[in-house]
Amino acid sequence: AALGGGLVLAGLLVALSARRGPFGDPRAEDEWLRLAAEPLRSDLLDRALRQMATARVDQGLPLPEVLMAALADDTVVLYVTADAQNAPAPWTADDAARTWTLLSADLPAEQPGPRGTAPYPLLVNIAATGGYEILIDLEAAPGLVALGGDPGVSREIATSLAVELATNSWSDGVRVTMVGFADEVSGLAPGSIRQVDTVQALLPQIEAELGGHAALVARLGVDGVLSGRAVRGARPWTPQVVVLSGPLPSEETDQLYAMIGSGRTPVAVVCVGDTPSARWRFTATEDGSVHLGTLGLSGTARRLPLDEYTAVLDLLRTADTRRAQLDREVAALSPSAAALDALPGGGGPDDSGGAGAMPGTAGGKADVEVHLLGPVRVEVARPGSVPAPDRLPLLTEVVVATALHPGGVHDAALRAAVWPRGVGDDVVDRTVAEIVTWLGTDESGTPRLLRADDGRWTLGPGVRTDWDVFRAVSAAQPGPGEYHRLWQVLALGTGEVFSAVPQGRFGWLAFHQAARDARVLTTTVARRVAALALAEGRREEAWQVLSHGLAMVPTAEPLWRDLLRLIGDDDPVTGAATAERMYAVLLRHGVRMPDPQTDALVDAVAPGLRERIA
């Protein structure tokens with residue numbers, strides 16, 4: 001998997017998670033993919049580019065022309081053209097102003113709310129050298145990009161860049177068309193990658209899209225692609241990449257150059273095989289290297305061999321099959337059954353941890369509250385000390401990892417989860433000392449973070465998690481007061497469950513069984529409470545309950561379907577608006593293929609909507 005590089009695999013990992021849905025097994029057999037992916041680098045690049053674009057707009061300056069980028073664990077370097085100036089803080093420019101550099105430590109935290117438009121959606125990883133991933137901006141290419149040299153390696157490079165553009169976080173819905181490729185690449189990103197046999201039918205389409213681009217540029221009153229993306233509130237055009245499996249006849253090459261050879265456009269064309277007329281001509285060698293011609297760099301090519309993406313394709317197909325099945329299984333669960341399924345615990349950094357004693361659910365706050373049913377945080381009633389802001393994310397992660405294993409989490413497993421790249425004893429000892437001081441002691445003077453003789457870390461009885469309370473209350477069998485009991489415990493949720501973790505931390509949490517169990521239990525509880533409200537004719541309360549459940553599990557299609565059924569045929573305008581909002585939310589979370597049940601219900605509630613928004 002190292003051949004493909006961590007960036008393309010990070011995108012595929014996100015796609016896999018989305019296609020598994022909220023109820024998929026987070027511990028399915030994809031460990032090789034998780035180990036090779038580099039989601040932190042991917043996230044760093046995405047946030048850095050969007051921050052820079054926002055800062056330039058705030059300066060009243062255009063986005064700089066970017067040719068390439070270099071990306072390391074803690075550094076982003078942009079190679080800009082000579083006319084770029086005034087690098088916005090915290091970016092710094094070199095003496096010649098040809099490179100802008102950002103250190104991850106200087107990147108401001110991502111602000112809540114809508115994200116800005118991706119400024120360079122066709123920036124794609126093509127090589128690695130000297131500890132850096134090298135990305136080129138295909139939009140900046142003066143016409144066609146040719147991948148010459150060894151045909152096998154060139155083909156694998158083309159496959160890698162196509163899949164990365166269709167799945168990465170900084171491309172915002174790039175459409176990729178593979179021309180003349182027999183392998184089933186489109187299955188890696190259905191809806192984003194399509195495959196056609198010849199280019200002839202594409203040429204009129206490309207010409208029409210570029211005409212639409214020109215019209216939009218004129219309407220916005222801007223001078224091109226980059227300035228158009230800097231217009232706040234504008235709906236930008238969708239970039240397109242055409243990947244050719246071989247060189248074209250000269251007539252078709254001339255047609256393409258007439259359309260894309262005059263400057264930056266939202267259409268790029270990449271060709272496997274040398275094309276003498278291409279001004280960006282890259283050369284792949286049999287040993288897996290690639291030379292970037294006039295861009296002046298060489299490195300290890302980033303490529304997706306057939307056996308590698310076939311393995312990922314198998315995972316995706318399994319996810320598609322299992323998703324519909326799990327969706328139906330969850331829809332059939334009662335809250336008590338879902339809670340009992342979740343009570344054994346386990347998963348995450350230490351599978352051997354048991355559930356331990358369930359904390360009390362009486363009113364009042366515990367000495368230490370660990371919040372997981374929404375943004376993850378730790379609340380200490382009487383802290384022995386207040387952690388420094390830069391230390392709080394790490395300390396919170398250790399407390400959460402320990403809290404999720406009431407039976408104890410082994411020291412080695414905790415280190416592997418929180419410090420996956422390794423850590424010295426001095427760092428661990430300092431962290432533990434800070435947590436012990438922060439959480440304080442109970443009435444007997446016993447620290448609330450304890451390490452047993454067998455090497456397991458546990459939290460004292462004064463620590464409570466909202467997730468444990470949620471499970472305990474939901475496990476009770478139906479009876480008098482069920483509606484108010486379940487609605488009250490559902491109200492513990494303050495947002496998307498297990499969310500808003502600090503950047504660069506909690507990498508293990510996405511694959512923790514408790515995160516999946518929380519989504520299942522939230523869905524079943526919300527559906528039950530809404531059904532009880534409806535049984536008594538309280539439609540508005542049912543709407544509120546389902547909306548609250550969706551705030552906690554935005555991709556729970558059983559909840560969306562209940563919401564659409566609640567509307568029924570009575571209010572087609574609200575039904576259409578709700579369905580459109582559902583599709584937008586699912587797409588934002590990477591779900592491009594909803595359950596057929598969901599689509600069928602939308603067709604009944606809002607006929608024609610899916611065709612209009614396709």
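Residues numbered from 1 in each chain as written. Predicted model: local features only at pLDDT ≥ 70, side-chain atom pairs only at ≥ 80, totals over all residues. Heavy atoms only, no water.

Draft legend 1. A look at the pairing of strand β7 (residues 145–149). Of all five residues making up β7, four are buried, and the element is well covered by its neighbours. Here β7 pairs with strand β12 (residues 280–284) via five bridges, running parallel. When the sheet's bridge partners are listed, Ala 146 is paired in β12 with Arg 281. (Buried < 20%, exposed > 50% of the residue type's maximum accessible area, 1.4 Å probe, protein only. Helix = DSSP H or I, 4+ residues; strand = E, 2+ residues; numbered from the N terminus. Pairing = 2+ DSSP bridges.)

Draft legend 2. Seen up close, helix α10 (residues 392–403). Between the first and last C-alpha of α10 there are 16 Å, a value that for 12 residues agrees with the 16 Å anticipated at 1.5 Å per step. Burial runs high along α10: 10 of the 12 residues are buried. Among the residues making up α10, those that are buried are Leu 394, Leu 395, Thr 396, Glu 397, Val 398, Val 399, Val 400, Ala 401, Thr 402 and Ala 403. (Expected span 1.5 Å × (residues − 1).)

Draft legend 3. Summary view of helix α12 (residues 425–439). Between its first and last C-alpha, α12 extends 21 Å over 15 residues, near the 21 Å set by a 1.5 Å rise per residue. Of all the positions in α12, only Val 428, Thr 431, Val 432, Ile 435, Trp 438 and Leu 439 are classed as buried. Buried positions in α12, seen along its axis, are confined to an arc of 125° and lie on one side of it. Structural note: α12 exposes Asp 426 and Asp 429 on the side pointing more than 90 degrees away from its buried face. Turning to α12, the residues buried within the fold contact β15 (368–371), β16 (377–380), α10, α11 (411–418), β18 (449–451) and β19 (456–459). Looking at the residues trailing α12, positive phi occurs at Gly 440, about 75°. (Arc of directions from axis to C-beta. Contact = heavy atoms within 4.5 Å.)

Draft legend 4. Geometry of the environment of Tyr 132. Secondary-structure assignment places Tyr 132 in strand β6 (residues 132–137). Between the alpha carbons of Tyr 132 and Gly 299 there is a distance of 9.6 Å; along the sequence they are 167 residues apart.

Draft legend 5. Inspection of the packing of helix α8 (residues 306–331) against helix α15 (residues 513–535) at higher detail. Interaxial distance between α8 and α15 falls to 9 Å at its minimum, and their mutual angle equals 50°. Judged on the interaxial angle alone, α15 and α8 are oblique. Residue-level contacts link Leu 326, Val 330 and Ala 331 of α8 to Arg 516, Val 520, Thr 523, Thr 524 and Arg 527 of α15. For the contact of α8 with α15, the per-class residue count stands at four nonpolar, two polar and two charged. (Axes fitted to C-alpha atoms, helices over the stretch in contact; angles between N-to-C directions. Parallel < 35°, antiparallel > 145°, perpendicular 65-115°, else oblique. Nonpolar A, V, L, I, M, F, W, Y, C, P; charged D, E, K, R; others polar.)

Draft legend 6. Spatial organisation of the sheet that holds strand β17 (residues 409–410). Strand order in the open sheet formed by three strands is β17-β19-β18, and the pairing between neighbours is antiparallel. Each end of this open sheet is capped by a strand with a single partner; those strands are β17 and β18. Pairing geometry for β18 and β19, over three bridges, is antiparallel. Bridge pairing in β19 links Arg 451 to Trp 457.

Draft legend 7. Main features of the side chain of Thr 524. Examined against the element boundaries, Thr 524 turns out to sit in helix α15. Its relative accessible area of 3% is what places Thr 524 among the buried residues. Of note is the side chain of Thr 524, whose polar atom sits 2.9 Å from the backbone oxygen of Leu 521. Non-local contacts of Thr 524, meaning those with residues more than four positions away in its chain, are made with Val 330, Leu 333, Ser 334, Pro 335 and Ala 338. (Polar contact = N/O pair within 3.5 Å; in protein donor to acceptor, adjacent residues only side chain to side chain.)

Draft legend 8. Quick peek at the environment of Leu 316. Tracing the chain through its elements places Leu 316 in helix α8. Distance in space between the C-alpha atoms of Leu 316 and Arg 391 is 38 Å, their sequence separation being 75 residues. Look past the residues within four positions of Leu 316 in its chain and what remains in contact with it is Ala 15, Leu 16, Arg 19, Gly 187 and Leu 188.

Draft legend 9. Local environment of the pattern of salt bridges. A full pass over the atoms with the stated rule returns 38 salt bridges. Residue Glu 156 pairs with Arg 303 through a salt bridge whose shortest N-O separation is 2.6 Å. Here the residue Glu 156 occupies a position in helix α4 (residues 151–167), and Arg 303 occupies one in the loop between β14 (298–301) and α8, the gap between them amounting to 147 residues. By the burial criterion, Glu 156 is buried, and Arg 303 matches it. If you follow the salt bridges from partner to partner, you end up with Glu 38, Arg 41, Asp 73, Glu 133 and Arg 302 in one network. (Salt bridge = Lys/Arg side-chain N within 4 Å of Asp/Glu carboxyl O.)

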